[in-house]
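So you can see what is in the structure, the chains are spelled out below.
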Amino acid sequence: MNKRTILLTGGGTAGHVSLNQALIPELKNMNYNVEYIGSKGGIEYEIISEAFPDVKYHAIPSGKLRRYFSMKNFTDPFRVGAGLMQALNIIRKTKPAAIFSKGGFVSVPVAMAGKLMSVPVIIHESDVTPGLANKIAMPFADHIFTVFKETMKYVPAEKSTCTGSVIRSELMDGSAAKGKEICSFENDMPVLMVMGGSQGSAVINDAIRANLPELSGQFNIIHLCGKGNFDEALRSKENYCQFEYVTDELSHLLHMTDFVVSRAGSNSIFEFLALKKPMLLIPLSKLKSRGDQLLNAELFRRQGFAHVIEEEDLTPESFMKAMDQLRADEELLVENMIGAEPPKTAYEMAKLVAAHTKKR
């Protein structure tokens, strides 16, 4: 019997790929053929092709959907149109049982094509309020899954379900000993992990490096600084280990981590929650985003899972004060996280996706 195919799509940032990355092995174990539709040269191509060389990757044009004026706003609709035509052709050839979309600009023409071809389209929204791409794609969706209960106010209730967070199983299997080996730390000081998302964060990088003499006397520091932000002058800095980006190593690094400083992307903060890591969140400001990270961070702050400092208030001095408070409240934060609702596994999420596939 031929395997049924599920098409996955999503891209633009690592957050739009990580759930797909977790679902692929589970769907394959359920005897589905999995193929991926992403943009040409997007981060999704790098992640998927490296992790799953056997998964066929279809690259289509992807126009960006902007809330601000740009001359590209006049040309990108043609790229979306070209992406739609290519997505229709891919669907004709693969005859998928369903399309699972994690969002990002590339997902819009894929969702539209799925609707036109009468293929069930399943959308996953991980932020409190839907992103622009998912807002546009929702009318074409057969079902929408959300992470936050609060998101149900912004999506069609009759075709939406709140599943809670989904955590990759391999994240729970990391080894602190392997993490220490990766970083070559030689003392028993607490470990601070700093990450600014897949592209890095200049303001977080600057706050860390401005305080590095003091911080490196208190912590072993893992600094995920983003592509192009590696500082050669700090390569041999004691108690400081920097990476542009990590993939398979992340679970090991997190398992040896005691405190986290991070942006407030939904996928990341739920991973920290699952591993009970006290976190200082520095969400992207409204000047740089639609404000989704501010909402994510505020919900975690209200539930006692995290401390928050807004980007506009971030200075070397305010950062160190916030770190002192994070250490002081460590036990309380961990206690609150222990009482949180447990995340779903990738297997459980894959079963939900499979339940919405087209019947034979």
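Bear in mind that the values here come from a model prediction, so they are computed numbers and not experimental data.

How should I be thinking about the pairing of strand S6 (residues 143–146) in this particular structure?
In the case of a regular strand, side chains alternate between the two sheet surfaces. Neither face of S6 is left uncovered, since the one carrying His143 and Phe145 and the one carrying Ile144 and Thr146 both have all their residues buried. One ladder, built from 4 bridges, connects strand S5 (residues 121–125) with S6; its direction is parallel. Paired with isoleucine 122 across the strands is histidine 143, a residue of S6. With helix H5 (residues 132–137) bridging S5 and the parallel S6, this β-α-β connection has right-handed handedness.

Which parts of the structure should I look at to understand helix H12 (residues 316–328)?
Residue pairs three or four apart in sequence face the same way in an α-helix, which turns once every 3.6 residues. Between the first and last C-alpha of H12 there are 19 Å, a value that for 13 residues agrees with the 18 Å anticipated at 1.5 Å per step. Taken together, the buried positions of H12 are Phe319, Met320, Ala322, Met323 and Leu326. In an axial view of H12, the angular spread of the buried residues amounts to 160°, which keeps them on one side of the axis. Those residues of H12 that are exposed and aimed more than 90 degrees away from the buried face are Glu317, Lys321 and Ala328.

I tried to follow helix H4 (residues 107–116) on my own but got confused; where do I start?
Taking burial as the measure, the 10 residues of H4 include 7 buried ones, the bulk of the element. Where H4 is concerned, the buried positions are Ser107, Val108, Pro109, Val110, Ala111, Ala113 and Gly114. Following H4 by one or two positions, serine 118 adopts a phi angle in the positive range, close to 60°.

Help me understand the sheet that holds S6 in this model?
Hydrogen bonds between backbone atoms are what pair the strands of a sheet, whose relative direction is either parallel or antiparallel. Taken in spatial order, the 7 strands make up an open sheet running S3-S2-S1-S4-S5-S6-S7, and their pairing is parallel. Because the sheet does not close on itself, it has two edges, and the strands there are strand S3 (56–60) and strand S7 (160–162). Along the sheet, successive strands turn relative to each other by an average axial angle of 20°, direction set aside. In terms of strand pairing, strand S1 (residues 4–9) meets strand S2 (residues 32–39) through 6 bridges, oriented parallel. The residue bridging threonine 9 from the neighbouring strand is isoleucine 37, located in S2.

What am I meant to see in the pattern of salt bridges here?
Between side chains of opposite charge, pairing is possible as soon as their charged atoms come close. By the definition in use, this model includes 7 salt bridges. Across the pair lysine 227 and glutamate 46 runs a salt bridge whose closest N-O atoms are separated by 2.7 Å. You can see lysine 227 sitting in the loop between strand S10 (220–224) and strand S11 (240–243) and its partner glutamate 46 sitting in helix H2 (residues 43–51), a full 181 residues away along the chain. By relative accessible area, which is 40% here, lysine 227 ends up partly exposed.

Calculation notes
Residues numbered from 1 in each chain as written. Predicted model: local features only at pLDDT ≥ 70, side-chain atom pairs only at ≥ 80, totals over all residues. Heavy atoms only, no water. Buried < 20%, exposed > 50% of the residue type's maximum accessible area, 1.4 Å probe, protein only. Helix = DSSP H or I, 4+ residues; strand = E, 2+ residues; numbered from the N terminus. Pairing = 2+ DSSP bridges. Right-handed = clockwise from strand over helix to strand, strands pointing away. Expected span 1.5 Å × (residues − 1). Arc of directions from axis to C-beta. Axes fitted to C-alpha atoms, helices over the stretch in contact; angles between N-to-C directions. Salt bridge = Lys/Arg side-chain N within 4 Å of Asp/Glu carboxyl O.

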